[in-house]
Amino acid sequence: MSIATDPKSAIVVVIALAGLVVLYFIGVSLADSEVIIAGRDMSKFNVDALISQRIGGVLNMTYYMFGIAIVAIVVDFIQRIVKTFG
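Asker: What am I meant to see in the overall build of the protein chain here?
Answerer: Counting its secondary structure elements, the protein chain contains 2 helices and 2 strands. For the protein chain, the succession of helices and strands along the chain, N to C, is α-β-β-α. The globule rule puts the C-alpha radius of gyration for 86 residues at 12 Å, and the 19 Å found for the protein chain is more than 25% above it. Dimensions of the protein chain, computed from C-alpha atoms along their principal axes, come out at roughly 60 × 40 × 20 Å. Considering the protein chain as a whole, with its 86 residues, one finds that 14% of them fall into the buried category.

Written out as structure tokens, the structure is:
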């Protein structure tokens with residue numbers, strides 16, 4: 001179904017976007033604002049503490065989504081085993 005023909009299905013999209021925003025803010029809150037990475041000063045690339053923290057937040061969000069995907073795959077695998085033998 002299309003969102004244009006069924007506006008109630010837009011709720012799922014809004015919930016998914018809200019989840020991504022929450023993951024981003026969790027990632028930013030846990031990110032480090034260090035500008036020196038692996039002994040290299042990133043300020044020569046115009047990376048300040050705020051930009052460094054936002055980049056770290058996006059990286060953390062990516063790690064969280066990867067972890068959630070792995071958990072979803074494992075849960076699906078277990079459900080299929082239980083459905084087959086149960």
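Asker: I keep staring at the packing of helix H1 (residues 10-30) against helix H2 (residues 49-85) and nothing clicks. Help me out?
Answerer: In a pair of packed helices, the angle between the axes and the distance between the axes together describe the arrangement. Direction vectors running N to C along H1 and H2 enclose 125°, while the axes themselves pass 7 Å from each other. Taken together, H1 and H2 sit at an angle that is classed as oblique. Note on packing geometry: the crossing formed by H1 with H2 is right-handed. Here H1 contributes Leu 20, Leu 23, Tyr 24, Ile 26, Gly 27, Val 28 and Leu 30 to the contact with H2, which in turn contributes Gln 53, Arg 54, Gly 56, Gly 57, Val 58, Asn 60, Met 61, Tyr 64, Met 65 and Ile 68.

Asker: In this structure, what is going on with the environment of Leu 23? I would like to understand it.
Answerer: Along the chain, Leu 23 turns up in helix H1. With relative accessibility at 16%, the residue Leu 23 sits in the buried group. Here the alpha-carbon distance between Leu 23 and Val 74, two residues 51 residues apart in the chain, equals 21 Å. Ignoring anything within four residues of it in the chain, the contact list for Leu 23 reads Met 61, Tyr 64, Met 65 and Ile 68.

Asker: Quick question: what am I supposed to make of the side chain of Asn 60 here?
Answerer: Looking at the element boundaries, Asn 60 is found in helix H2. Classification of Asn 60 as buried rests on a relative accessible area of 17%.

Asker: Where do I start with the layout of surface pockets in this structure?
Answerer: Any space left empty among the atoms is revealed by the rolling of a water-sized probe across them. As a volume, the largest pocket reaches approximately 170 Å³. Forming the walls of the largest pocket are 13 residues, and the residues nearest its centre are Ile 37, Ser 52, Ile 55, Gly 56 and Leu 59. Here the element with the most residues in the lining of the largest pocket is H2; it accounts for 6 residues. Its residues assigned to classes, the lining of the largest pocket shows 8 nonpolar, 3 polar and 2 charged.

About the criteria used
Residues numbered from 1 in each chain as written. Predicted model: local features only at pLDDT ≥ 70, side-chain atom pairs only at ≥ 80, totals over all residues. Heavy atoms only, no water. Helix = DSSP H or I, 4+ residues; strand = E, 2+ residues; numbered from the N terminus. Rg over C-alpha atoms; globule rule 2.2 N^0.38 Å. Buried < 20%, exposed > 50% of the residue type's maximum accessible area, 1.4 Å probe, protein only. Axes fitted to C-alpha atoms, helices over the stretch in contact; angles between N-to-C directions. Parallel < 35°, antiparallel > 145°, perpendicular 65-115°, else oblique. Left-handed = near helix turned anticlockwise from the far one by under 90°. Contact = heavy atoms within 4.5 Å. 1 Å grid on protein atoms, 1.4 Å probe; cavity = no way out; pocket = protein on both sides within 12 Å on 5 of 7 lines; lining within 4 Å. Points joined across faces, edges and corners; volume = space filled by probe spheres on them. Nonpolar A, V, L, I, M, F, W, Y, C, P; charged D, E, K, R; others polar.

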